[in-house]
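Structural description and commentary
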Amino acid sequence: MNKQNYHDVVKKMVQSIDATLDKSVVGDYNYRLALECKANIQRFLPGTDIDHEAFFRDALINRDWAVTDEDHDYILEDTEIRGDETFLQPGAGPVIFCTFHLGSYRLLNFLLARRGVDFSLVIDDTAVTLQAGKFKNMFEKIERSSEFPGKFSILNAEKQNIGINMIRTLRSNGSLVLYLDGNSGVGGMERRDEKLLSVKFLGGRILARKGISYISYRTKIPIVPVYSFREGTHNVMEVLPAIYPDASQASDDYCQATTQVLYDHLAQHLRSRPTQWEGWLYMQKFADFDQAPEVKDLPTTDELSFNQQRFDIYQSSDEKGVLFDRHNYSYFPISKGLYKVLDHTIKEGRLHYQIKTNLLNDLYRRSVLIAA
């Protein structure tokens, strides 16, 4: 493949996304995904003036661009590597490469394979089922030297023995590649328990697994953060200094501090290139929800308005009403009558309908209706 052919592939991909968005209707998958993306922006980039429709489109483009790049190791020819390349060479490991779904995020896999670095890619069960064969074929097709052919394997992050398998890989001098923002592991992405870390991220907090940092602490093997991003059509892979376990720190302290540093670096990238991160499309699955504000006494009816800072309403194709809460990413079916009331309230800026007291109190308690 040459540069022109590659650009043609990318152009076709963008056209496909635009065609899909043009066909999108109220209440369908992309409509709801856009609502959730908007909610994530509101939670983590509060107070920013963003064209949500354009942001969503760009996020989809960058997501599918990264997937497109999985079939084209050609992009390595046009990639700039910034930072210390020590651990990107065969025999320099083992290390734990920690990366994110930012930019062309499979670049690291291509580069390690081409240079003959022994490594295992840690991915979730869905990715193993759908893409394991593709990743193995990619590795076999990449041109490698006979001196350093490298070894490649895939580890399922959702298997009960994943921790043992990662430690075995490292002790066999193989490195690991993990995507911290995938938040995958035993129990799946939507698991929520005391084993998760709450870390600051942009304007909010998220729940992050501490497996990467814990394995580092347990094995005394460093974490090497890698961030891929695009400057125009030019790919950049930034390798940050290795993070070494500190024996003077307790395990929990090291895990908390290290995970926070890794997300702080991601946040810095997102302030200048936010739509290159596909996490906007699913980060609600690991957002750390804060407590709902205390509800005050119910004002008089004509002093109530619809809370547009938190909620959206729409009618699905069967004309049923739906209420979407951007605070906790929940969808609630509502009657046609209530949809009509809320839609009228949005347009008029005030609630003018008389509705049952129990329903009124419930809408106010849930902050659907607020003091105008």
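Residues numbered from 1 in each chain as written. Predicted model: local features only at pLDDT ≥ 70, side-chain atom pairs only at ≥ 80, totals over all residues. Heavy atoms only, no water.

Among the 6 residues of strand β7 (residues 204-209), 5 are classified as buried, and the element is accordingly described as predominantly covered. Across 6 bridges, the pairing between strand β6 (residues 196-201) and β7 is antiparallel. Residue pairing for β7: Leu196 is matched across the bridge by Arg209. Connecting β6 to the antiparallel partner β7 that follows it, the hairpin turn spans 2 residues, and Leu202 within it adopts a positive phi of roughly 50 degrees. (Buried < 20%, exposed > 50% of the residue type's maximum accessible area, 1.4 Å probe, protein only. Helix = DSSP H or I, 4+ residues; strand = E, 2+ residues; numbered from the N terminus. Pairing = 2+ DSSP bridges.)

A few words on the nonpolar core. One finds Phe97, Phe201, Tyr263 and Trp280 to be the most contacted residues of the largest nonpolar core, which totals 100 residues. Excluding residues within four positions of it along the chain, Trp280 makes contact with Cys37, Asn40, Ile41, Phe44, Leu45, Phe55, Leu202, Leu270 and Pro274. (Core = buried A, V, L, I, M, F, W, Y, C linked by side-chain atoms within 4.5 Å. Contact = heavy atoms within 4.5 Å.)

What follows covers unusual backbone geometry. Following Gly93, the chain continues to Pro94 via a peptide bond in cis, the omega torsion being 10 degrees. Relative to the helices and strands, Pro94 is located in the loop between β1 (79-83) and β2 (96-99). A positive phi angle is found at Asn173, which is not glycine, with a value near 70 degrees.

Turning our eyes to something else, we now look at the packing of helix α2 (residues 29-44) against helix α3 (residues 52-69). Interaxial distance between α2 and α3 falls to 10 Å at its minimum, and their mutual angle equals 105 degrees. Accordingly, the angle class assigned to the pair α2 and α3 is roughly perpendicular. On α3, the residues that touch Asn30, Leu33, Ala34, Cys37, Lys38 and Ile41 of α2 are His52, Phe55, Phe56, Leu60 and Arg63. Looking at the contact of α2 with α3 residue by residue, the class counts come to 7 nonpolar, 2 polar and 2 charged. (Axes fitted to C-alpha atoms, helices over the stretch in contact; angles between N-to-C directions. Parallel < 35°, antiparallel > 145°, perpendicular 65-115°, else oblique. Nonpolar A, V, L, I, M, F, W, Y, C, P; charged D, E, K, R; others polar.)

So, on to the environment of Tyr31. The topology assignment puts Tyr31 in helix α2. The spatial distance from the C-alpha of Tyr31 to the C-alpha of Leu298 is 33 Å, given a sequence separation of 267 residues. Not counting the four nearest positions on each side in its chain, Tyr31 is found in contact with Ser24, Val25, Val26, Ile313 and Tyr314.

This brings us to the layout of surface pockets. As a volume, the second largest pocket reaches approximately 420 Å³. Together, 14 residues line the second largest pocket, and Asn30, Tyr31, Ala34, Glu53 and Phe56 are the ones closest to its centre. Of all the elements in the fold, those that place two or more residues in the lining of the second largest pocket are α1 (3-23), α2 and α3. Looking at the lining of the second largest pocket, the element that brings in the most residues is α2, giving 5 residues. Of the residues that constitute the lining of the second largest pocket, the class distribution is 5 nonpolar, 3 polar and 6 charged. (1 Å grid on protein atoms, 1.4 Å probe; cavity = no way out; pocket = protein on both sides within 12 Å on 5 of 7 lines; lining within 4 Å. Points joined across faces, edges and corners; volume = space filled by probe spheres on them.)

Turning our attention to the environment of Gln160. The topology assignment puts Gln160 in the loop between β4 (152-156) and α6 (162-171). What makes Gln160 exposed here is its relative accessible area of 70%. When the C-alpha atoms of Gln160 and Pro241 are compared, they prove to be 31 Å apart, with 81 residues separating the residues in sequence.

With that settled, consider the sheet that holds β1. The strand order β1-β9-β8-β2-β5-β3-β4 describes an open sheet built from 7 strands, whose pairing is mixed. The open sheet has two free edges, formed respectively by β1 and β4, since each of these has just one partner strand. When strand polarity is set aside, the average angle formed by the axes of neighbouring strands in this sheet is 25 degrees. Contacting β2, β3 (119-123), β4 and β5 (175-179), α6 crosses the sheet at an angle of about 140 degrees to β5.

So, about the sheet that holds strand β12 (residues 321-325). Sheet architecture is open: 3 strands sit in the order β11-β12-β13, paired in antiparallel fashion. Taken across any chain shown, the strands that pair with only one partner, and hence form the sheet edges, are β11 (311-315) and β13 (330-334). Pairs of neighbouring strands in the sheet enclose a mean axial angle of 25 degrees, with direction left out of account. The sheet contact formed by β11 and β12 spans 5 bridges and is antiparallel. Residue pairing in the sheet places Phe311 in a bridge with Asp325 of β12. Its contacts with the sheet place α2 against β11, β12 and β13, and it is angled at close to 170 degrees to β11. The sheet contacts of helix α9 (residues 336-348) involve β11, β12 and β13, and relative to β11 the element is tilted by about 125 degrees.

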